[in-house]
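The chain contents come next:
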Amino acid sequence: MKIRSGSFNIVFPNVANMRENLFNLEKVFSNFMPPFNLIPIPNEAPPEFPRITATSKNGHSQLMVSGNNVQVTTMFDSHFWNDLASCFSYMEDMRDKILASLSLFGLERENMPAFYYSGLNMQTEFSSEDGIDDPVSFIVGHFFKGNISPDIKDIAFRTTLTVDDTYFINVEISNHRYLEGTQIVPGSLYGTKETSHTLAVSIDINDRLAFNTKNAYFSTKDTPQRIFELSRKFITDSLPVLIERGDINYVK
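Residues numbered from 1 in each chain as written. Predicted model: local features only at pLDDT ≥ 70, side-chain atom pairs only at ≥ 80, totals over all residues. Heavy atoms only, no water.

(A) View of the overall build of the chain. Across its full length, the chain carries 5 helices and 11 strands. Since a compact globule built from 252 residues should have a radius of gyration of about 18 Å, the 20 Å found for the chain is in line with a globular shape. Seen along its three principal axes, the alpha-carbon backbone of the chain occupies a region of about 55 × 50 × 35 Å. Within the chain, the fraction of its 252 residues that count as buried is 44%. Across the chain, every contact between residues at least 6 apart in sequence was considered, and the portion connecting residues at least 24 apart equals 64%. For the chain, the distance from the average position of its 22 positive side-chain charges to the average position of its 30 negative side-chain charges is 2 Å. (Helix = DSSP H or I, 4+ residues; strand = E, 2+ residues; numbered from the N terminus. Rg over C-alpha atoms; globule rule 2.2 N^0.38 Å. Buried < 20%, exposed > 50% of the residue type's maximum accessible area, 1.4 Å probe, protein only. Contact = heavy atoms within 4.5 Å. Lys, Arg positive; Asp, Glu negative; His and termini not counted. Charge placed at Lys NZ, Arg CZ, Asp CG, Glu CD.)

See the structure below:
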């Protein structure tokens, strides 16, 4: 199994003057390249539009700040792929930086970070090294019943679990093809060559279930830590069961 990428985000009430905190944000995310990119849109623009973006000094992570969301997405390099502990350690550092940045935007209640909900997405991958030579056949054999056309080229399966009436665990399983080469005609894959074909499993865990169902719900600073615990446990305990038997559940 390889850990390909991770993404953590926090969603909060709209902050109209987000960009006024640019320089302080650069101090919090000191491992990102200054100056940060300030996007010239009016404060009245929809809050989901990005206001600030930045790239880490090693080029693997992207920071995006909108009027109601802060997100860091990291593409791990080959030194991290098989090191789950290091991947989580890095994402935990990004999580803590995002939480620290909330005070810059006035998002505090009783000296604690105040936000709606947060989520962690970890992208894992399995290949022939893990005994999966044909990802399409693997997905069909494990998760579908009935007649499936032999001409299927790509396939995906998605499901959502719930934990503690608070958390969604979204699991998406699909095949992924890596291509190399030069596109002779723009928009066409002609001229490229498939170099590998893998099974991709995305695990997205968040507390939006509580946000959707509980009146006036706000996360606490402990909630992201719990999300990371759930994610780590799912990858180490539930994911091997999914790959071996096709069972999808949260192993408690």
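(B) How the structure looks around the pairing of strand S5 (residues 69-75). In terms of strand pairing, strand S1 (residues 2-11) meets S5 through 7 bridges, oriented antiparallel. By the bridge assignment for S5, Phe 8 is matched with Val 72. (Pairing = 2+ DSSP bridges.)

(C) Seen up close, the packing of helix H3 (residues 135-143) against helix H5 (residues 222-245). Look at H3 against H5: their axes get within 9 Å of each other, and the N-to-C directions meet at 95 degrees. Taken together, the axis directions place H3 and H5 in an arrangement best described as roughly perpendicular. Contact residues: Phe 138, His 142 and Phe 143 in H3; Leu 242, Ile 243, Glu 244 and Arg 245 in H5. Grouping the amino acids of the contact of H3 with H5 by side-chain chemistry returns 4 nonpolar, 1 polar and 2 charged. (Axes fitted to C-alpha atoms, helices over the stretch in contact; angles between N-to-C directions. Parallel < 35°, antiparallel > 145°, perpendicular 65-115°, else oblique. Nonpolar A, V, L, I, M, F, W, Y, C, P; charged D, E, K, R; others polar.)

(D) Quick look at the side chain of Asn 69. Tracing the sequence through the fold places Asn 69 in strand S5. Relative accessible area serves as the criterion here: at 10%, Asn 69 is assigned to the buried category. When residues no more than four places from it in sequence are discounted, the contact partners of Asn 69 are Asn 9, Ile 10, Val 11, Phe 12 and Met 64.

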